[in-house]
Amino acid sequence: LGDVYKRQRHYTPDTASVESLLSMHRTIGVDRVVIVHPSPYGDDNSSLLWAMKTIGPNARGVAVISDATSSEMLTALHQGGVRGTRLNLETVGQNDPSIAQQQLLRTATQGAPLGWHIQMYTNLGVIVGLYDTIMQSAATVVIDHFGRLNAAAGLNQPGFDALLSLVRSGKVYVKLSAGYRVSEVPDYSDLDPFAEALIAANPDRMLWGTDWPHPFPPKGTVRNPNVIEKAHPEDNMAAIRRVARWARTQDIAKKILVDNPARLYDF
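Position numbers for residues count from 1 along each chain, tracking the sequence in the order it is written. Restriction of local features to residues with pLDDT of at least 70 applies here, the model being predicted, together with a cutoff of 80 or more for giving and counting side-chain atom pairs; totals for whole chains, interfaces and linings are based on all residues. Note that water and hydrogens are dropped before the side-chain values are worked out from all heavy atoms of the structure.

### Details of the overall build of the protein
Argument step 1. Helices and strands together make up the secondary structure of the protein, namely ten helices and nine strands.
Argument step 2. We compute the radius of gyration from the C-alpha atoms alone; for a globule the expected value is 2.2 Å times N to the 0.38, where N is the number of residues. By the compact-globule yardstick of 18 Å for 267 residues, the protein fits well, its C-alpha radius of gyration being 17 Å.
Argument step 3. When accessible area is computed with a 1.4 Å probe and restricted to protein chains, residues below 20% of their type maximum are described as buried, those above 50% as exposed, and intermediate ones as partly exposed. Here the protein holds 267 residues, and the buried ones make up 49% of them.
Argument step 4. Partitioning the intrachain contacts of the protein with sequence separation of at least 6 by distance along the chain shows that 75% fall at a separation of at least 24.
Argument step 5. Per-residue and other accessible areas were derived by the Shrake-Rupley procedure at a 1.4 Å probe size, with only the shown protein chains allowed to occlude residues. About 12900 Å² of surface is accessible on the protein, with carbon and sulfur atoms providing 51% of the total.
Argument step 6. Averaging the locations of the 26 positively and 26 negatively charged side chains of the protein gives two centres separated by 3 Å. Helix and strand definitions here come from DSSP, where helices need a minimum of 4 consecutive H or I residues and strands a minimum of 2 consecutive E residues; each element is numbered from the N-terminal end. By the convention used here, residues are in contact when the closest approach between their heavy atoms is within 4.5 Å. Only four residue types enter the tally: Lys and Arg on the positive side, Asp and Glu on the negative side; His and the chain ends are excluded. Every charge is mapped to an atom, namely NZ of Lys, CZ of Arg, CG of Asp or CD of Glu.

### Some thoughts on the side chain of Asp192
Argument step 1. Summarising the element assignment, Asp192 is placed in helix α8 (residues 192–201).
Argument step 2. Setting aside residues no more than four positions away along its own chain, Asp192 makes contact with Arg245 and Trp246.

### Remarks on the pattern of salt bridges
Two side chains carrying opposite charge are able to pair once their charged atoms lie near each other.
Argument step 1. Any carboxyl oxygen of Asp or Glu within 4 Å of a side-chain nitrogen of Lys or Arg constitutes a salt bridge here. Counting across every chain of the model gives twelve salt bridges.
Argument step 2. The shortest N-O distance in the salt bridge between Asp144 and Lys175 comes to 3.8 Å. A residue pair is termed long-range when its members are at least 10 positions apart, and Asp144 in the loop between β6 (141–143) and α7 (160–169) and Lys175 in strand β7 (residues 172–175) qualify at 31 residues.
Argument step 3. Lys175 sits in the buried class, given a relative accessible area of 10%.

### A short note on the packing of helix α1 (residues 18–28) against helix α9 (residues 236–247)
A pair of packed helices is characterised by two quantities: the angle between their axes and the separation of those axes.
Argument step 1. At a minimum axis separation of 9 Å, α1 and α9 run at an interaxial angle of 50°. Regarding the angle of α1 to α9, the classification is oblique. The handedness of the crossing between α1 and α9 comes out as right-handed. Residue-level inspection shows Met24, Thr27 and Ile28 of α1 in contact with α9, the latter providing Asn236, Met237 and Ile240.
Argument step 2. Here the term charged refers only to Asp, Glu, Lys and Arg, the term nonpolar to Ala, Val, Leu, Ile, Met, Phe, Trp, Tyr, Cys and Pro, and the term polar to all other amino acids, Gly among them. Looking at the contact of α1 with α9, its residues break down into four nonpolar, two polar and no charged. The axes are straight lines fitted to the C-alpha atoms, using for helices just the contacting stretch, and the angles between their N-to-C directions are given from 0 to 180°. For this classification, under 35 degrees means roughly parallel, over 145 means roughly antiparallel, 65 to 115 means roughly perpendicular, and everything else is oblique. It is the rotation of the near helix from the far one that decides the hand of a crossing: anticlockwise by less than a right angle makes it left-handed, clockwise makes it right-handed.

### Structural notes on the environment of Thr12
Argument step 1. Topologically, Thr12 is positioned in strand β1 (residues 12–13).
Argument step 2. The exposure class assigned to Thr12 is buried, which follows from its relative accessible area of 1%.
Argument step 3. Considering only alpha carbons, one finds Thr12 and Lys230, 218 residues apart in sequence, at a separation of 9.0 Å.
Argument step 4. Counted as a polar contact is a pair of N or O atoms within 3.5 Å, where, for protein atoms, one must be capable of donating a hydrogen and the other of accepting one, and residues adjacent in sequence contribute only when both atoms are in side chains. A polar atom in the side chain of Thr12 sits 2.8 Å from the side chain of Arg9.

### Here's the deal with the side chain of Asn260
Argument step 1. Along the chain, Asn260 turns up in helix α10 (residues 250–264).
Argument step 2. Engagement of the side chain of Asn260 in a polar contact is seen with the backbone oxygen of Met206, the distance being 2.8 Å.
Argument step 3. If near-sequence neighbours (up to four positions away) are discounted, Asn260 is found in contact with Tyr173, Pro203, Asp204, Arg205, Met206, Leu207 and Lys255.

See the structure below:
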(Lines give C-alpha, C1' and ligand atoms only; values in the text may rest on other atoms or scores of the structure.)
Protein backbone atom coordinates (compact mmCIF):
# COMPACT_ATOMS: atom_id res chain seq x y z
CA LEU A 1 0.00 0.00 0.00
CA GLY A 2 2.84 2.37 0.71
CA ASP A 3 3.77 2.34 -2.97
CA VAL A 4 0.25 3.26 -4.08
CA TYR A 5 -1.42 5.53 -1.53
CA LYS A 6 -0.01 8.76 -0.19
CA ARG A 7 1.61 8.43 3.22
CA GLN A 8 -0.61 11.01 4.92
CA ARG A 9 -4.16 9.92 4.17
CA HIS A 10 -7.35 9.80 6.21
CA TYR A 11 -8.33 6.22 5.39
CA THR A 12 -7.23 3.13 3.48
CA PRO A 13 -9.97 1.67 1.27
CA ASP A 14 -10.55 -1.98 0.55
CA THR A 15 -9.76 -3.37 -2.90
CA ALA A 16 -12.21 -2.36 -5.65
CA SER A 17 -11.37 -3.87 -9.03
CA VAL A 18 -12.40 -2.77 -12.51
CA GLU A 19 -13.93 -6.22 -12.97
CA SER A 20 -16.15 -5.72 -9.92
CA LEU A 21 -17.16 -2.28 -11.16
CA LEU A 22 -18.16 -3.58 -14.58
CA SER A 23 -20.03 -6.48 -13.00
CA MET A 24 -22.06 -4.04 -10.91
CA HIS A 25 -22.76 -1.99 -14.05
CA ARG A 26 -24.08 -5.05 -15.88
CA THR A 27 -26.39 -5.77 -12.95
CA ILE A 28 -27.95 -2.30 -12.90
CA GLY A 29 -27.82 -1.64 -16.65
CA VAL A 30 -25.20 1.11 -16.78
CA ASP A 31 -23.04 1.59 -19.91
CA ARG A 32 -20.93 4.64 -19.00
CA VAL A 33 -18.89 5.53 -15.95
CA VAL A 34 -17.27 8.60 -14.44
CA ILE A 35 -14.48 7.64 -12.05
CA VAL A 36 -13.80 10.19 -9.32
CA HIS A 37 -10.21 9.98 -8.11
CA PRO A 38 -10.14 8.80 -4.46
CA SER A 39 -8.44 11.00 -1.88
CA PRO A 40 -6.02 8.30 -0.53
CA TYR A 41 -4.04 8.59 -3.79
CA GLY A 42 -3.44 12.31 -3.32
CA ASP A 43 -2.67 14.02 -6.63
CA ASP A 44 -1.15 10.90 -8.21
CA ASN A 45 -3.74 10.17 -10.90
CA SER A 46 -1.96 7.20 -12.48
CA SER A 47 -4.56 4.72 -11.21
CA LEU A 48 -7.34 6.89 -12.61
CA LEU A 49 -5.68 7.03 -16.03
CA TRP A 50 -5.14 3.26 -15.96
CA ALA A 51 -8.78 2.58 -15.07
CA MET A 52 -10.12 4.83 -17.83
CA LYS A 53 -7.79 3.25 -20.40
CA THR A 54 -8.78 -0.24 -19.24
CA ILE A 55 -12.51 0.47 -19.51
CA GLY A 56 -12.23 2.35 -22.80
CA PRO A 57 -14.24 5.15 -24.46
CA ASN A 58 -17.21 4.77 -22.08
CA ALA A 59 -15.11 6.05 -19.17
CA ARG A 60 -14.41 9.60 -18.03
CA GLY A 61 -12.63 10.86 -14.94
CA VAL A 62 -12.47 13.59 -12.33
CA ALA A 63 -8.89 14.11 -11.18
CA VAL A 64 -7.24 15.53 -8.08
CA ILE A 65 -4.58 18.15 -8.82
CA SER A 66 -2.37 20.47 -6.81
CA ASP A 67 -0.58 23.73 -7.51
CA ALA A 68 2.41 21.58 -8.49
CA THR A 69 0.52 19.81 -11.29
CA SER A 70 2.13 20.86 -14.57
CA SER A 71 0.26 22.00 -17.68
CA GLU A 72 1.73 18.97 -19.46
CA MET A 73 0.18 16.64 -16.89
CA LEU A 74 -3.16 18.46 -17.16
CA THR A 75 -3.09 17.93 -20.92
CA ALA A 76 -2.24 14.24 -20.45
CA LEU A 77 -5.13 13.86 -18.01
CA HIS A 78 -7.53 15.50 -20.46
CA GLN A 79 -6.36 13.27 -23.30
CA GLY A 80 -6.87 10.29 -21.01
CA GLY A 81 -10.52 11.20 -20.39
CA VAL A 82 -10.51 13.59 -17.42
CA ARG A 83 -13.11 16.34 -17.64
CA GLY A 84 -12.99 17.88 -14.19
CA THR A 85 -11.05 18.20 -10.98
CA ARG A 86 -12.08 17.46 -7.42
CA LEU A 87 -11.89 19.46 -4.19
CA ASN A 88 -12.56 17.07 -1.30
CA LEU A 89 -13.00 19.44 1.63
CA GLU A 90 -15.39 17.38 3.76
CA THR A 91 -13.21 14.29 4.18
CA VAL A 92 -10.29 16.34 5.50
CA GLY A 93 -12.53 18.47 7.75
CA GLN A 94 -11.87 21.72 5.90
CA ASN A 95 -14.78 24.02 6.78
CA ASP A 96 -13.18 27.44 6.34
CA PRO A 97 -14.86 29.21 3.37
CA SER A 98 -11.87 31.52 2.87
CA ILE A 99 -9.51 28.56 2.40
CA ALA A 100 -12.09 26.83 0.20
CA GLN A 101 -12.31 29.99 -1.90
CA GLN A 102 -8.55 30.04 -2.46
CA GLN A 103 -8.58 26.40 -3.53
CA LEU A 104 -11.57 26.94 -5.80
CA LEU A 105 -10.00 29.93 -7.56
CA ARG A 106 -6.65 28.16 -7.97
CA THR A 107 -8.26 25.05 -9.38
CA ALA A 108 -10.53 27.03 -11.70
CA THR A 109 -7.50 28.81 -13.14
CA GLN A 110 -5.65 25.54 -13.73
CA GLY A 111 -8.59 23.82 -15.40
CA ALA A 112 -9.82 26.78 -17.44
CA PRO A 113 -7.76 26.10 -20.60
CA LEU A 114 -9.31 22.61 -20.75
CA GLY A 115 -12.87 23.65 -19.91
CA TRP A 116 -12.92 21.49 -16.79
CA HIS A 117 -15.59 21.70 -14.13
CA ILE A 118 -14.82 21.60 -10.39
CA GLN A 119 -16.41 18.95 -8.22
CA MET A 120 -16.67 19.88 -4.55
CA TYR A 121 -17.43 17.59 -1.64
CA THR A 122 -18.35 20.02 1.09
CA ASN A 123 -21.23 21.06 3.33
CA LEU A 124 -23.95 23.68 3.16
CA GLY A 125 -22.11 26.09 5.45
CA VAL A 126 -19.11 26.25 3.12
CA ILE A 127 -21.39 26.48 0.08
CA VAL A 128 -23.04 29.57 1.59
CA GLY A 129 -19.60 31.11 2.15
CA LEU A 130 -18.65 30.39 -1.47
CA TYR A 131 -21.92 31.58 -3.00
CA ASP A 132 -20.62 34.79 -4.61
CA THR A 133 -17.37 33.14 -5.72
CA ILE A 134 -19.26 30.33 -7.45
CA MET A 135 -21.66 32.75 -9.11
CA GLN A 136 -18.75 34.80 -10.48
CA SER A 137 -16.59 31.84 -11.47
CA ALA A 138 -16.17 30.94 -15.13
CA ALA A 139 -15.97 27.27 -14.14
CA THR A 140 -19.00 25.08 -13.67
CA VAL A 141 -19.22 23.62 -10.16
CA VAL A 142 -20.55 20.17 -9.23
CA ILE A 143 -21.69 19.73 -5.63
CA ASP A 144 -21.26 16.19 -4.35
CA HIS A 145 -23.73 14.12 -2.35
CA PHE A 146 -26.63 16.56 -1.83
CA GLY A 147 -24.26 19.27 -0.55
CA ARG A 148 -23.75 17.22 2.62
CA LEU A 149 -27.08 18.46 3.96
CA ASN A 150 -28.69 16.88 7.01
CA ALA A 151 -31.83 15.08 5.87
CA ALA A 152 -33.23 15.02 9.41
CA ALA A 153 -33.04 18.83 9.70
CA GLY A 154 -35.71 19.59 7.10
CA LEU A 155 -35.95 21.90 4.10
CA ASN A 156 -35.53 25.06 6.14
CA GLN A 157 -32.05 24.18 7.41
CA PRO A 158 -29.48 26.95 6.89
CA GLY A 159 -27.80 26.84 3.50
CA PHE A 160 -30.25 24.73 1.53
CA ASP A 161 -31.89 27.83 0.05
CA ALA A 162 -28.45 28.97 -1.19
CA LEU A 163 -27.89 25.59 -2.84
CA LEU A 164 -31.28 25.83 -4.55
CA SER A 165 -30.43 29.33 -5.77
CA LEU A 166 -27.14 28.14 -7.26
CA VAL A 167 -28.93 25.29 -9.00
CA ARG A 168 -31.54 27.64 -10.46
CA SER A 169 -28.78 29.86 -11.81
CA GLY A 170 -27.33 26.98 -13.81
CA LYS A 171 -23.87 27.53 -12.31
CA VAL A 172 -24.04 24.38 -10.22
CA TYR A 173 -24.85 20.73 -10.74
CA VAL A 174 -25.80 18.58 -7.74
CA LYS A 175 -25.20 14.86 -7.42
CA LEU A 176 -28.21 13.03 -5.98
CA SER A 177 -25.89 10.35 -4.68
CA ALA A 178 -24.73 8.52 -1.56
CA GLY A 179 -27.85 8.92 0.54
CA TYR A 180 -26.08 7.12 3.38
CA ARG A 181 -23.81 10.14 3.82
CA VAL A 182 -26.69 12.50 4.65
CA SER A 183 -29.54 10.31 5.92
CA GLU A 184 -29.85 7.83 8.78
CA VAL A 185 -33.23 6.47 7.66
CA PRO A 186 -32.83 2.93 6.27
CA ASP A 187 -34.49 3.68 2.91
CA TYR A 188 -33.36 7.34 2.83
CA SER A 189 -37.00 8.39 2.46
CA ASP A 190 -36.32 11.62 4.35
CA LEU A 191 -34.30 12.71 1.31
CA ASP A 192 -37.42 12.77 -0.88
CA PRO A 193 -38.33 16.44 -0.27
CA PHE A 194 -34.74 17.57 -0.85
CA ALA A 195 -34.36 15.64 -4.11
CA GLU A 196 -37.74 16.84 -5.35
CA ALA A 197 -36.91 20.47 -4.50
CA LEU A 198 -33.53 20.28 -6.26
CA ILE A 199 -35.04 18.67 -9.36
CA ALA A 200 -37.83 21.27 -9.45
CA ALA A 201 -35.23 24.05 -9.20
CA ASN A 202 -33.42 22.89 -12.36
CA PRO A 203 -33.72 19.34 -13.71
CA ASP A 204 -30.96 20.12 -16.23
CA ARG A 205 -28.46 20.42 -13.38
CA MET A 206 -29.10 17.13 -11.62
CA LEU A 207 -26.72 14.16 -11.74
CA TRP A 208 -26.72 10.70 -10.24
CA GLY A 209 -23.94 8.34 -9.31
CA THR A 210 -23.51 5.12 -7.37
CA ASP A 211 -20.59 6.38 -5.25
CA TRP A 212 -19.31 2.82 -5.71
CA PRO A 213 -17.48 1.20 -3.94
CA HIS A 214 -19.16 3.25 -1.18
CA PRO A 215 -16.18 4.30 0.96
CA PHE A 216 -17.97 5.55 4.06
CA PRO A 217 -17.37 4.34 7.63
CA PRO A 218 -20.12 3.48 10.12
CA LYS A 219 -21.31 6.34 12.30
CA GLY A 220 -18.95 7.03 15.18
CA THR A 221 -15.98 5.31 13.55
CA VAL A 222 -12.60 6.95 13.98
CA ARG A 223 -10.81 6.44 10.70
CA ASN A 224 -7.41 4.77 10.93
CA PRO A 225 -5.29 4.71 7.76
CA ASN A 226 -3.42 1.70 9.13
CA VAL A 227 -6.59 -0.38 8.96
CA ILE A 228 -8.25 -1.33 5.66
CA GLU A 229 -11.74 0.15 5.72
CA LYS A 230 -14.57 -2.04 4.47
CA ALA A 231 -17.02 -0.49 2.00
CA HIS A 232 -20.52 0.56 3.00
CA PRO A 233 -23.08 -2.04 1.81
CA GLU A 234 -25.45 -0.51 -0.71
CA ASP A 235 -28.18 -1.61 -3.14
CA ASN A 236 -27.39 0.32 -6.32
CA MET A 237 -30.49 -0.87 -8.16
CA ALA A 238 -32.62 0.56 -5.35
CA ALA A 239 -30.71 3.83 -5.73
CA ILE A 240 -31.66 4.04 -9.42
CA ARG A 241 -35.28 3.36 -8.52
CA ARG A 242 -35.18 6.24 -6.04
CA VAL A 243 -33.98 8.59 -8.76
CA ALA A 244 -36.80 7.45 -11.03
CA ARG A 245 -39.28 8.09 -8.22
CA TRP A 246 -37.87 11.54 -7.50
CA ALA A 247 -37.93 12.44 -11.20
CA ARG A 248 -41.61 11.43 -11.55
CA THR A 249 -41.46 11.45 -15.36
CA GLN A 250 -39.39 9.45 -17.84
CA ASP A 251 -38.14 12.64 -19.50
CA ILE A 252 -36.69 14.05 -16.28
CA ALA A 253 -35.28 10.67 -15.26
CA LYS A 254 -33.51 10.50 -18.62
CA LYS A 255 -32.05 13.97 -18.03
CA ILE A 256 -30.62 12.95 -14.66
CA LEU A 257 -29.37 9.52 -15.68
CA VAL A 258 -28.30 10.11 -19.29
CA ASP A 259 -28.50 13.58 -20.84
CA ASN A 260 -26.99 15.76 -18.09
CA PRO A 261 -23.93 13.56 -17.46
CA ALA A 262 -23.40 13.10 -21.21
CA ARG A 263 -23.23 16.89 -21.60
CA LEU A 264 -21.09 17.60 -18.54
CA TYR A 265 -18.59 14.76 -19.04
CA ASP A 266 -18.33 15.11 -22.82
CA PHE A 267 -19.56 11.69 -23.84
